[in-house]
Amino acid sequence: MNHFEYRDGRLFAEGVAVAEIAAAVGTPFYCYSAATLTRHYQVFAGALASLGALVCYAVKANSNIAVIRTLARLGAGADVVSEGELRRALAAGVPAEKIVFSGVGKTRPEMAFALEAGIGQFNVESAPELEALAEIAAGLGRTAPVALRVNPDVDANTHHKIATGRKEDKFGIDLALAPALYARAAALPSLKPVGIAVHIGSQLTTLDPFRAAFARVAALVRSLRAQGLTVERLDLGGGLGIVYEGESPPNPADYAAMVAETVGGLDVKLVFEPGRVLVGNAGILVTSVIFVKDTATKRFVIVDAAMNDLIRPALYDAKHNVVPAADRRNAARRAAEVVGPVCETGDVLARGAALPDDIAAGALLAIESAGAYGAAMASTYNTRLPVAEVMVNGDQFFVIRPRPDYEALISLDRLPTWLED
Ligand SMILES: *Cc1c(COP(=O)(O)O)cnc(C)c1O
């Protein structure tokens, strides 16, 4: 459920017409709905409330501090994968103790920064990372709370570029090696092993892979305890899928029931790291048609957003529904390739979109389900201006990331002395 809907044939984000924002801000821009973010958080956290879970929003899905703060005010913590994201979470007001630091390649300066900030959990993914963290923490006179992220060797049945829990993936520690490493962490005075973490991939549309992974993790917890080790927390990651085009992902209540079934009896504090399910359908990418180009075989609707603004279709063959901001329900439709101006054949935002037959230059389109891994993955390829971001709340909207100008973009480069005039 989201708050983007037509009123009298005009697309609204909550109480604001998308065309009104476009007139004020220019296109392309991302538009997020605060009410939708709130609803998604409440449905997800509510489903898990009886299990006493901490929901740490995976900042990489959408790292705008206005989005993070909207969720933090509702009680969310944050899952971060870099010092930059950690700084964003702190700037957004997430309490340090509710921050989890994930990722296979934390640098020593990043570890030191996170230790000084006093974050709640480091998810460690290898033996060398464990040793490095112990050394840095000892040097700072701190104790690092550590969860070991394990690799359960489960295929998430999602796009291969976003599956993270198979043996051949770079993520996590082999289940068989985890007990020795956990014992090692317990023996190091600057580390406090608090639990086990797992995250098997993104955009999962069935519960079975989760169930298989969580069952393996539960068995690991029991065997660690049998060894006399203390396990207080279980971090079950993110990954729950959303509807882009015709998928039927499990709802949060079914997900919660599966969690209760697999790990409910363990007497651990549960942590979750949802990203996409909170923000994906809370955002659209609004773009204007530049030209309509009919060729012998296809219609190309060329728009002012491109793969640099939304790379998911090019990177993951992702599908996004595209709708006109001015709905003409009875208009004849024709299949169109919605493409951007970037000089790459892969610069396609949607294939075979059913758009009004008489769609013309200047028309506004909304690319749906663009709130996750959209703006956060944007670049300036082709020296295109960074995409703007807007948040709507009821009948107000605010530009939460203005579009910089060309001067600001180009002046990031410097001419070396030998090329100066
Ligand atoms: C990406 C990621 C998430 C969030 O995944 P979603 O599919 O967006 O829920 C959570 N945890 C870790 C470690 C991640 O890398």
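Because the structure is a prediction, the values reported are computed rather than measured.

Right, let's get into the overall build of the chain. Counting its regular elements, the chain contains twelve helices and 21 strands. At 23 Å, the chain has a C-alpha radius of gyration in line with the 22 Å of a compact globule built from 421 residues. Along the longest, intermediate and shortest principal axes, the C-alpha atoms of the chain span 70 × 60 × 40 Å. Burial statistics for the chain: of 421 residues in total, 54% are counted as buried.

Glancing now at the site of the ligand. With respect to spatial proximity, 15 residues lie near the ligand, and among them K60, S202, E273, R276 and Y373 are the closest. One nitrogen or oxygen atom from the side chain of D79 is found 3.3 Å from a nitrogen atom belonging to the ligand. In this structure, R276 approaches the ligand through a main-chain N or O atom, which is 2.8 Å from an oxygen atom. Here the shell around the ligand is composed, by residue class, of three nonpolar, seven polar and five charged.

Working note: α-helix, 3.6 residues per turn, so residues spaced by three or four point in the same direction. Those residues of helix 3 (residues 65-72) lying buried are V67, I68, T70, L71 and A72. Sitting at the amino-terminal end of helix 3 is N64, which places a side-chain oxygen 2.9 Å from the backbone nitrogen of A66.

Attention shifts here to the pairing of strand 17 (residues 333-339). Sheet analysis places strand 15 (residues 299-303) next to strand 17, joined by three bridges and oriented parallel. Among the inter-strand pairings, F300 is bridged to a residue of strand 17, identified as E337. In this sheet, strand 18 (residues 348-356) lies alongside strand 17 in antiparallel orientation, the contact comprising six bridges. Its bridge partner lying in strand 18, R333 is registered against P356.

So, on to the sheet that holds strand 2 (residues 10-13). The three strands lie next to each other as 1-2-3, forming an open sheet whose pairing is antiparallel. For this open sheet the edge positions go to strand 1 (4-7) and strand 3 (16-17), each flanked by a neighbour on one side alone. Bridge count between strand 2 and strand 3: two bridges; the pairing is antiparallel. Along strand 3, the bridge assignment pairs F12 with A17.

For the chain, the assigned domains read domain 1 (4-31 + 280-410) and domain 2 (103-272). Here domain 1 and domain 2 have C-alpha centroids that lie 36 Å from each other. Listed per partner, the contact involves eleven residues of domain 1 and eight residues of domain 2. Both faces considered, domain 1 and domain 2 share a buried interface measuring about 840 Å² in area, 51% of it formed by carbon and sulfur atoms. The tally of links from domain 1 across to domain 2 stands at zero salt bridges. Inspection of the domain 1/domain 2 interface yields four residue pairs in polar contact (both at pLDDT 80 or more). Of the residues that constitute the side of domain 1 that touches domain 2, the class distribution is three nonpolar, five polar and three charged.

The rules we used
- Residues numbered from 1 in each chain as written.
- Predicted model: local features only at pLDDT ≥ 70, side-chain atom pairs only at ≥ 80, totals over all residues.
- Heavy atoms only, no water.
- Helix = DSSP H or I, 4+ residues; strand = E, 2+ residues; numbered from the N terminus.
- Rg over C-alpha atoms; globule rule 2.2 N^0.38 Å.
- Buried < 20%, exposed > 50% of the residue type's maximum accessible area, 1.4 Å probe, protein only.
- Near = heavy atom within 4 Å.
- Polar contact = N/O pair within 3.5 Å; in protein donor to acceptor, adjacent residues only side chain to side chain.
- Nonpolar A, V, L, I, M, F, W, Y, C, P; charged D, E, K, R; others polar.
- Pairing = 2+ DSSP bridges.
- Domains from an automatic or database assignment.
- Contact = heavy atoms within 4.5 Å.
- Buried area = accessible area lost by both parts, 1.4 Å probe.
- Salt bridge = Lys/Arg side-chain N within 4 Å of Asp/Glu carboxyl O.

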